[in-house]
Amino acid sequence: MRQVDNFINGAFQRSSDGRRFEKRSPVDNKIIANIAESTQSDVDQAVEAARAALNGEWGSMPQARRLELLYEVADEITRRFDDFVAAEMADTGQPEHVMKHVFIPRGAANFKVFADVIKNVPTESFMMDTPDGRGALNYSVRKPKGVIGVISPWNAPFLLMTWKVGPALACGNTVVLKPSEETPLTATLLGEVMNKVGIPKGVYNVVHGFGPNAAGEFVTTNKGVDAITFTGETRTGSAIMKAASEGTRDVSFEMGGKNAGIVFADADFDEAVNGIFRSAFLNTGQVCLGTERVYVERPIFDKFVAALKEKAEGVQYGRPEIKGNNYGPLISREHQEKVLSYYQKAADEGATIVTGGGVPDMEGELAEGNWVQPTIWTGLEESASVVQEEIFGPCCHIRPFDTEEEVIALANDTDYGLSTTIWTTNLTRAHRMAASVDVGITWVNSWFLRDLRTPFGGNKESGIGREGGVHSLEFYTELRNVCIKL
Ligand code: NAD
């Protein structure tokens, strides 16, 4: 049985009271690892180590050397690519090709991209007049914020965690990371990488465990943590915001979504079907940017529903390492129960179930896994719970619309504001729609196409702040102004 420990001050260690919890495979619910469950004192120790590193070698290291080391982190991840793919696949049960082509390479890229950003982004300076005519020079410099608490989710664990750890370290901070209890493996492997390339001890710390009254809360309530960056559910964000108010510490939040996909009759039909298929069902629907509400212009509505149904019924279930399988299980039994409860609610609320709605027949050991069918509904009111609440599963409701004004109102009728995907060949309309849908990220004729230099984040209850490119620097550094009287 794999034993997974905390990584504190450059060393792997058990929790101070020896407690552990089990990690099960989403594929068949077999126990695959025993994880150290952090105590308050483990977390305190990690925060102290992070502070000491700031005051020590890491804090005084020249920027060029620091960024060189981050390039080496990325290269070492690439050298150990197969280990990372295997670990992430064991944790999530998602198909190998998604790990190989998206989640792991992008995780490695997060270290290089932000090393380049911090190297190349200038700060400002202003000459000002003074009454004596000699003037003054203002210039600003960026300083690391300090010890960053990183609280991350399970749906794309390595990508989402490095999306925060990469810029935090590039800016000269140290981190205490609490990965999701569902996906502890790649965060731990990254500790080995840090030691291998010579990142000083205490710069990167990992404390495993749960959220409330556990490791997550121990991190967010520790006043030695200067700022908290979090990706996860909006409800959890509220709890973390309360914790961060002690000491008025800064937060960056990437949270839930109930994103609209909008398909106009003039869209390239096949591309739109493929795009919505990916946005609704990739990663078994466990993508914050995913589409759970689809609006299709009436003339193509029936044809679109039939085409999406056919694709949803063509997914290949099975073990993630087997070539050709393109559809995995949900992360946990608990999440499976949550998604199935929404499937039941949709039926109770009178949905027409176009396809799915239950658990597929799986053979042998796989019957114990957290499988659910890709599911499409039509015919519900906008007030229905499956149209309003984030399910985070492989499902969507499709509704016809007649005018732009109508679909804009429908798309914006939600407490969330993370992303949208719009399908049309009318460029003028695309710009008009992009300006009108109230979200942080709009894709036109695409979805999940990410340039890491662009701002990423949500409006309304989907988030606070933006990360990505220079925007990450706004959170991970403090700007200091220096005014020199000449
Ligand atoms: P979650 O909020 O349950 O957990 C996220 C992390 O927070 C975990 O590490 C958990 O242990 C920790 N946590 C839970 N309660 C805590 C508390 N009180 N104090 C401190 N830490 C606590 O989210 P999840 O189920 O892991 O992830 C799914 C959610 O994440 C969905 O809502 C999804 O939309 C969202 N998400 C958003 C983005 C984005 O970029 N906007 C990206 C991915 C996922």
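Residues numbered from 1 in each chain as written. Predicted model: local features only at pLDDT ≥ 70, side-chain atom pairs only at ≥ 80, totals over all residues. Heavy atoms only, no water.

Caption draft 1: Quick peek at the packing of aromatic side chains. Tallied over the entire structure, the rule returns 16 aromatic pairs. Each ring, one from Trp 163 and one from Phe 456, has its centre 5.9 Å from the other, and the planes form 80°; the classification is edge-to-face. Here Trp 163 is found in helix α6 (residues 157-170), whereas its partner Phe 456 is found in the loop between β20 (441-444) and β21 (459-460), with 293 residues between them in sequence. Here Trp 163 matches Phe 456 in class, with each residue buried. Plain terms: the ring middles of Tyr 317 and Tyr 327 are 5.0 Å apart, the flat faces sit at 80° to each other, and that makes the pair edge-to-face. Of the two residues, Tyr 317 sits in the loop between α11 (301-312) and α12 (333-348) while Tyr 327 sits in the loop between α11 and α12, which places them ten residues apart along the sequence. (Phe/Tyr/Trp six-rings, centres within 6.5 Å; stacked < 30°, edge-to-face > 60°. Helix = DSSP H or I, 4+ residues; strand = E, 2+ residues; numbered from the N terminus. Buried < 20%, exposed > 50% of the residue type's maximum accessible area, 1.4 Å probe, protein only.)

Caption draft 2: Just helix α3 (residues 63-79), in detail. For α3, with 17 residues, the first-to-last C-alpha span of 24 Å sits near the 24 Å given by 1.5 Å per residue. Inspection of α3 places Arg 66, Leu 67, Leu 69, Leu 70, Val 73, Ala 74, Glu 76 and Ile 77 among the buried residues, and these make up the whole buried set. In this fold, the buried residues of α3 make contact with α2 (57-60), α4 (81-92), α5 (96-120), α6 and α7 (185-197). (Expected span 1.5 Å × (residues − 1). Contact = heavy atoms within 4.5 Å.)

Caption draft 3: Summary view of helix α9 (residues 234-245). In this model α9 runs 17 Å from its N-terminal to its C-terminal C-alpha over twelve residues, within 8% of the 16 Å that 1.5 Å per residue would give. All buried positions along α9 are accounted for by Thr 234, Gly 237, Ile 240, Ala 243 and Ala 244. Projected down its long axis, α9 shows its buried positions confined to an angular sector of 160°, all on one face. In α9, those exposed residues whose orientation departs by more than 90 degrees from the buried face are Arg 235 and Lys 242. Looking at the packing, one finds that the buried side of α9 touches β8 (147-151), α8 (215-220), β11 (227-231), β12 (250-254) and β18 (416-417). Looking one or two places after α9, you find Gly 247, whose phi comes out positive at around 90°. (Arc of directions from axis to C-beta.)

Caption draft 4: Quick look at the site of the ligand. Around the ligand, the structure places 30 residues, and the nearest of them are Lys 178, Glu 181, Thr 236, Met 255 and Glu 390. Interatomic distance of 2.7 Å between a side-chain N/O atom of Lys 178 and an oxygen atom of the ligand. Protein burial of the ligand: of its 840 Å² of free accessible surface, 93% is covered by the chains. Listing elements by their share of the shell around the ligand, those giving two or more residues are α8, β11 and α9. (Near = heavy atom within 4 Å. Polar contact = N/O pair within 3.5 Å; in protein donor to acceptor, adjacent residues only side chain to side chain. Areas by Shrake-Rupley, 256 points an atom, 1.4 Å probe, with all protein chains shown as cover.)

Caption draft 5: View of the packing of α6 against α7. The N-to-C vectors of α6 and α7 enclose an angle of 40°; their axes lie 10 Å apart at closest approach. Classed by the angle they form, the pair α6 and α7 counts as oblique. The crossing of α6 and α7 is right-handed. Across the interface between the two elements, Pro 157, Phe 158, Met 161, Thr 162 and Leu 169 of α6 pack against Thr 186, Ala 187, Leu 190 and Met 194 of α7. Grouping the constituent residues of the contact of α6 with α7 by class yields seven nonpolar, two polar and no charged. (Axes fitted to C-alpha atoms, helices over the stretch in contact; angles between N-to-C directions. Parallel < 35°, antiparallel > 145°, perpendicular 65-115°, else oblique. Left-handed = near helix turned anticlockwise from the far one by under 90°. Nonpolar A, V, L, I, M, F, W, Y, C, P; charged D, E, K, R; others polar.)

Caption draft 6: The arrangement of the pattern of salt bridges in detail. Applying the stated criterion across every chain, the model contains 34 salt bridges. The residue Lys 30 makes a salt bridge to Glu 365 at a minimum N-O spacing of 2.6 Å. On the criterion of sequence distance, the pair formed by Lys 30 in the loop between β4 (20-24) and β5 (31-36) and Glu 365 in the loop between β15 (352-355) and β16 (375-378) is long-range, its members being 335 residues apart. Overlapping salt bridges bring together Asp 28, Lys 30, Arg 319 and Glu 365 as one network. (Salt bridge = Lys/Arg side-chain N within 4 Å of Asp/Glu carboxyl O.)

Caption draft 7: Examining the side chain of Ser 38 more closely. As for its position among the elements, Ser 38 is in the loop between β5 and α1 (40-55). Looking at Ser 38, its side chain comes within polar contact range of the side chain of Asn 6, at 3.1 Å. A polar contact is formed between the side chain of Ser 38 and the backbone oxygen of His 208, at a distance of 2.6 Å. Setting aside residues no more than four positions away along its own chain, Ser 38 makes contact with Asn 6, Ser 15, Val 43, Val 207, His 208, Ala 215 and Phe 218.

Caption draft 8: Fine view of the sheet that holds β4. What the three strands build is an open sheet, ordered β1-β5-β4; its pairing is mixed. A strand with exactly one partner marks an edge of an open sheet, and here the two such strands are β1 (2-4) and β4. The sheet shows a mean angle of 30° between the axes of neighbouring strands, taken without regard to direction. (Pairing = 2+ DSSP bridges.)

Caption draft 9: Up close: the domain arrangement of the chain. According to the domain assignment, the chain contains domain 1 (2-255 + 462-485) and domain 2 (259-451). Each of domain 1 and domain 2 has a C-alpha centre, and the two are 31 Å apart. Contacts between the two partners involve 26 residues from domain 1 and, on the opposite side, 33 residues from domain 2. When the two sides are added together, the surface that domain 1 and domain 2 hide from each other amounts to roughly 2400 Å², 53% of it contributed by carbon and sulfur. When residues of domain 1 are sorted by the area they lose upon contact with domain 2, Val 27, Trp 154 and Ser 462 head the list and together hold 24% of the total. Where domain 1 meets domain 2, there are two salt bridges. Among the ionic pairs, Asp 28 bridges to Arg 319, the shortest N-O distance being 3.3 Å. (Domains from an automatic or database assignment. Buried area = accessible area lost by both parts, 1.4 Å probe.)

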